[in-house]
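Okay, here's what each chain looks like letter by letter:
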Amino acid sequence: ERPLSLELLVPATSTSRVRYAQVVQAQLAAVGVRVTIAALEPAQFYGRVDAGRYDAALLAAQADPSPDGALQLWGRRAAGGAGGRGSQNVTGYA
């Protein structure tokens with residue numbers, strides 16, 4: 001039986017996300033999941049995320065506190081929102 005393992009991408013420039021990744025790694029290790037942290041420079045990090053070449057990634061996003069904010073993250077034309085796969089349902093609703 002092979003234990004579950006995954007790679008967790010994190011931008012090396014974000015101290016808080018690197019630390020968060022270490023916490024996640026320790027918590028999952030406690031239940032037998034092996035997490036390898038890949039702290040990458042922004043160009044590499046976002047290149048892999050945009051291409052979908054990752055098991056897990058610590059992302060952060062901020063949007064305006066308004067209905068337009070929902071479109072920024074979830075709308076059909078969202079710039080990277082929801083993994084770049086915006087929702088037509090959200091776009092139509094908002």
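Preceding this paragraph is the structure being described.
Residues numbered from 1 in each chain as written. Predicted model: local features only at pLDDT ≥ 70, side-chain atom pairs only at ≥ 80, totals over all residues. Heavy atoms only, no water.

### Let's talk about the overall build of the chain
Defined as follows: The secondary structure listing takes helices from DSSP runs of H or I that are at least 4 residues long and strands from runs of E that are at least 2 residues long, numbered from the N terminus. Only protein chains enter the calculation, and the probe is 1.4 Å; a residue is then buried if its accessible area is under 20% of its type maximum, exposed if over 50%, and partly exposed in between. By definition in these notes, contact holds between two residues if any of their heavy atoms fall within 4.5 Å. Surface exposure here means Shrake-Rupley accessible area, sampled with a 1.4 Å probe, where a residue is shielded only by the protein chains that are shown.
A count of helical and extended segments in the chain gives four helices and three strands. Helices and strands appear in the chain in the N-to-C order β-α-β-α-β-α-α. Within the chain, the proportion of its 94 residues that are buried is 22%. Relative to all contacts within the chain whose residues are 6 or more apart in sequence, the contacts with residues 24 or more apart total 52%. Carbon and sulfur atoms provide 52% of the accessible area of the chain, an area that totals close to 6,600 Å².

### Remarks on the environment of Arg17
Note that Arg17 resides in helix α1 (residues 15–29). Look at Arg17 and you get buried, because its relative accessible area is 18%. C-alpha of Arg17 to C-alpha of Ala60: the two residues are 43 residues apart in sequence and 8.9 Å apart in space. Contacts of Arg17, omitting those with residues within four sequence positions, involve Val10, Pro11, Tyr46, Leu58, Leu59 and Ala60.

### Some remarks on helix α2 (residues 42–51)
The cut-off we apply is this: Summarising the geometry, the arc corresponds to the directions from the helix axis toward the C-beta atoms.
The complete set of buried residues in α2 reads Phe45, Arg48 and Val49. Within α2, the buried residues cover an arc of 100° as seen down the axis, which keeps them to one side. Across from the buried face of α2, at angles greater than 90 degrees, the exposed residues are Ala43 and Asp50. Along its buried surface, α2 packs onto β1 (5–11), β2 (34–40) and β3 (56–57).

### What to know about the pairing of β1
For the record, the criterion: Each pair of strands is called paired provided DSSP finds at least two bridges between the two strands. Orienting the strands away from the viewer, one traces the path from the first strand over the helix to the second; a clockwise path indicates a right-handed crossover.
With seven bridges joining them, β1 and β2 adopt parallel strand pairing. The partner of Leu6 across the bridge, within β2, is Val35. Crossover connection from β1 via α1 to parallel β2: handedness right-handed.

### Concerning the pattern of salt bridges
Where we set the bar: Salt bridges are defined as contacts in which a side-chain nitrogen from Lys or Arg sits within 4 Å of a carboxyl oxygen from Asp or Glu.
The full count for this structure, using the stated rule, is one salt bridge. A salt bridge links Arg48 to Glu7, with the nearest nitrogen and oxygen atoms 2.6 Å apart. Separated by 41 residues along the polypeptide, Arg48 in helix α2 and Glu7 in strand β1 bring together distant segments of the chain.

### Thoughts on α1
What counts, and what does not: The span one expects for a helix is its residue count, reduced by one, times 1.5 Å.
Relative to the 21 Å expected for 15 residues at 1.5 Å per residue, α1 spans 21 Å between its end C-alpha atoms, a close match to the ideal helical length. Those residues of α1 that sit buried are Arg17, Ala21 and Val24. Around the axis of α1, the buried residues are gathered within 65° of arc, so they sit on the same side. Looking at α1, the residues exposed on the side facing more than 90 degrees away from the buried face are Thr15, Ser16 and Gln27. Residues of α1 that are buried sit in contact with β1, β2 and α2.

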